[in-house]
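Structural features, examined
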Amino acid sequence: MRLSTLRHACRNLPTPSVHQPRTGVRVFGLAKSSLPLGPSSNSQLLLRAASSVSGTTSAEKAPKLGKQTDGPGYENTIRENVQRTKEEMVALQRGHPALKPTLAIIQADEDDRLLELNKKMAGKIGLNVTQICLPRECTEDEIIEEVLKLNEDPRVHGVYLHLPPASLTSRVLNTLRPEKDVDGVSDLNVGRLVRGDMNQGFIPPLANAVMELLARHDTPMEGRIVLVVGGEGPLGVALQCLMQRRGMVVLHSRRSSEVLQKQANAVVLLAAGHMDVPPTWLRPGTAVIHCGSALMTEDHGMEMSGVGPLTAALRMQNVVQSSSRWAQGQQYRPWTLRSLKLQPLSPVPSDIEISRAQTPKPVDQLAQEIGLLQEETEAYGRTKAKVRLSLLDRLREQPDGKYVLVAGITPTPLGEGKSTVVIGLVQALSAHLKLNSFACLRQPSQGPTFGVKGGAAGGGYAQVIPMEEFNLHLTGDIHAITAANNLVAAAIDARMLHEATQKDKALYSRLVPSVNGVRRFSPIQISRLRRLGISEIDPSALTPQEVSSFVRLDLDPAKVTWQRVVDTNDRFLRKITVGQASTEKGHVRETQFDIAVASEIMAILALADGLGDMKTRLGRMVVGSSRSGQPVTAEDLGVSGALAVLMKDAIKPTLMQTLEGSPVFVHAGPFANIAHGNSSVLADKLALKLVGEDGFVVTEAGFGADIGMEKFFNIKCRASGLRPNVVVLVATVRALKMHGGGPNVSAGSPLPREYIDENLSLVGKGCSSNLRKQIQIAHLFGVPVVVALNVFKTDTQAEIDLVCQMAKESGASDAVPCHHWARGGRGSVELAQAVKQAGSQPSHFQFLYSQETPIVEKIRMIAQKVYGADDIELSPEAQAKIDYYNQQGYGKLPICMAKTHLSLSHMPEKKGTPTGFTLPIRDIRASIGAGFIYPLVGTMSTMPGLPTRPCFYDIDLDPVTEEITGLF
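Residues numbered from 1 in each chain as written. Predicted model: local features only at pLDDT ≥ 70, side-chain atom pairs only at ≥ 80, totals over all residues. Heavy atoms only, no water.

Under the annotation held in an unreviewed UniProt entry, the chain carries the name Monofunctional C1-tetrahydrofolate synthase, mitochondrial and is attributed to Oncorhynchus tshawytscha.

What follows is the structure in structure tokens.
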């Protein structure tokens, strides 16, 4: 047993007054209160063997209690309970070696004897004990504050409130979590006992002890008449329930009554104060149990044994039972998902009207339905919550479910509905096929939301709801990324200014200041010293050369690669000048803003597998080069710890739901051109554990399969260690017509007639070119493909049939039309069945290249095998960068091609399957923190601009109802 440090000092209590019992009476007593009984009692228990005839001595006529209370029988009862509990402990810790069951005792200046008894009993069984002492005059709020701390402490499995009855208010008792209420006194636990549901509740230890003593009495339990006097608190209720279940007849009286007592085989006195029971009132053999206020001692020549040890033993039994339930609760929990009913309308209303017409489940209810523990979620309002990463540790032994990737053919500028397919598929799997399924989506940037594209919550009857919360701010992750990114940018310019305007000594004194006469390096500065090869940690012991190396990053302003970001499409920030104020002393340089989701921190968030990994990745981000050509990192700047602090909540995925109540993780949203364009590794890992071995996790890759899917496989799967089971390739008749030779499609312009009228020729050419190529790309990685044709109202049946036929001929495991936009999950049931069938087949996943492959060859393999290029052409600048990265040890990083998404080639106007081209590599850059190298194919814009008529013209707020309009 380990006793923790007390939070408050306890005062000593004077010894209470002692009741003088009659000579010759055998007393079975409790040394001090062991169960709070409410306002009407002080919970003392005495068991007396009563005389039956006036004038006869107690020694002559005292009834026997079967095995004597003060003899070996009673001791055996305690010993048996202790041994049984110890055996349960051994079995529990065999399955959970790290588990240390702990009882917390809150004491308010009470007598220590019962406290020591409980600690001694805990030691015999092997429980830890935490004791919290409060002053005698403690308030209700002070008690509740301690109870709330224990409620949230996962190391504590039971709480014993060793407090005066006046302190045990209903508010105090019901603040204690029922699962830690090992004395069974909260309203919920008493109600469970009354209802007979003890799967989660506890039998009060004192009530249990009384029942064990009564069971040892000579009179049979069945049919025994028991008089209970007083007892309006939890103990009285518990005793009545327990007695009635054993077949006893329970009589009640508010005060002692000779008439009633002469009918009883046993009398239980629960009223406050000591109540003597004259022997003439009792039938021969009657047992008397007294829960009065007198404190029994052994100073009066009586044979006495306390029930305190038995009560304490039974309390420890409850603690072990609570620990066992906690351990069971840590195991995987089967889902009890309740789907929301959907009643699609025709014509289909706007997305926001559909979203607003559905009432989402409270997020805590959704979390409970999918097996999350209460302590694993952090609610952000009523409909969304962060999920803690501790879930991964809890379910580490749980097998993963099936992993499904939704990708697409090369899209039109309008998009082909991959997010909608993800949501429709998950709704079909969960609400209609009754299979555990989870959607994992990227968080949308507010740039497109207010620009051209609009939101990214899906559409029609396949949406994440509430869609306005999904599209606007969510839980603030992108804002955290913006703050972290711009802190790095500010640190860069400030450091260059200070190095340029101060000598080594002055710079050193400011970087390592004297605080209260003591100078010391911070932990992050010690890390920098180690990287410089300096072992000394005494600031005064560094040589001038070491001081200079430490304080001088010597960043070259022309080689700073880190940009500021903002989550708005603002074309006038694509090139800016900073440092123009006179206070910056002429240190002016040109730089730019990127959109927030283009930040390397976003890519890190998406690829990190935990808080420690994220912190490491943030520290190794390269922000520029020194004048000597050495990389300068965020850790060199001393900012990596602060970045981790800003990102500590953003690393937790956000839980939301679909229109049909299926769970969704929304997390991360990296750009799909200069980054990998997938949602987070952590969201996928959490979801794969939650769905169980037979469930499905459906995630999405940005842009076409040649970009998003290839990066998902070669970058994300390499980082996560996860292996996909199925690829769902989304196609539309509209996009296939474009690849078959149809006219250009542009956002905001009416569709040409070729896309509205039936044209089997264009559809067939698109299928035989782009669709076939994208299926072949998926097969390069050894994963089966199901083609999902996202049906629009202008599509004809002949066009639909042709696409499905040619997709299968091109190697797809299946190809099905999907109507989720108009019908919800019911419209994707056929797709769900096809995915289920494909997922049951073996997957022979393989990477396109190994880490050891040289950078140039990795690029060439992607260009030739994925894009269909004849070869690559490196610019001199790109070749120089490759040489530099190899020299710095970055050659084993995977490749993240930055290329247009509108063509398999580098030429956006080339549709279908272009051939006979050489892929030009203009430049090569590296995201060392994220862990990939990205070649630039052509010019990539990292800051979108607003069109002539942005989406924000239609977005408005009703100031009375606070309803948002115009989002789509």
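**Description of the sheet that holds strand S19 (residues 555-560)**
Basically, it comes down to this: One requirement defines pairing of two strands: DSSP has to find at least two bridges between them. Per the convention used, a helix needs a DSSP run of H or I reaching at least four residues, while a strand needs a run of E reaching at least two, with both numbered from the N terminus. Axis definition: a line fitted to C-alpha atoms, over the contacting stretch in the case of helices. Angles run 0 to 180 degrees between N-to-C directions.
On the basis of which strands lie adjacent, the open sheet formed by 3 strands has the order S19-S24-S25 and antiparallel pairing. What marks the edges here is a single partner per strand, and that holds for S19 and strand S25 (631-633). Each strand axis lies, on average, 50° off the axis of its neighbour in the sheet, ignoring direction. Here S19 runs beside strand S24 (residues 622-626); their pairing, made up of 2 bridges, is antiparallel. Note that in S24 the partner of Val560 across the bridge is Gly624.

**What to know about the pattern of salt bridges**
Which entries qualify depends on this criterion: We define a salt bridge as a contact between a side-chain nitrogen of Lys or Arg and a carboxyl oxygen of Asp or Glu at a distance within 4 Å. Three exposure classes are used, based on accessible area relative to the maximum for each residue type with a 1.4 Å probe and protein chains only: buried under 20%, partly exposed in between, and exposed over 50%.
Per the stated rule, a full pass over the model turns up 44 salt bridges. The closest approach of N and O atoms between Arg617 and Asp613, which form a salt bridge, is 3.0 Å. Of this pair, Arg617 and Asp613 both sit in helix H22 (residues 611-619), 4 residues apart, which is roughly one turn of the helix. Residue class for Arg617 comes out buried when judged on its relative accessible area of 9%. A residue is classified by how much of its surface remains accessible, and Asp613, at 23% relative accessible area, is partly exposed. The partner of Arg860 in a salt bridge is Asp871, and the shortest N-O contact between them spans 2.8 Å. Separated by 11 residues along the polypeptide, Arg860 in helix H32 (residues 855-867) and Asp871 in strand S32 (residues 871-874) bring together distant segments of the chain.

**What about the packing of aromatic side chains?**
In plain terms, the rule: Each Phe, Tyr or Trp ring (for Trp, its six-membered ring) is paired with any other whose centre lies within 6.5 Å, and the angle between the two planes then decides the class: stacked below 30 degrees, edge-to-face above 60, tilted in between.
Here the structure, examined in full by the defined rule, presents 14 aromatic pairs. On the basis of an interplanar angle of 70° and a centroid distance of 5.4 Å, the ring pair of Phe521 and Phe550 is categorised as edge-to-face. Of the two residues, Phe521 sits in the loop between strand S18 (518-519) and helix H19 (523-531) while Phe550 sits in helix H20 (residues 544-551), which places them 29 residues apart along the sequence. The class for Phe550 is buried, based on a relative accessible area of 3%.

**Brief notes about the pairing of strand S28 (residues 696-700)**
In terms of residue burial, S28 counts as a mostly covered element, since 5 of its 5 residues are buried. With 4 bridges connecting them, strand S14 (residues 437-441) and S28 associate as parallel partners. Within S28, the position partnered with Ala439 by the bridge is Val698.

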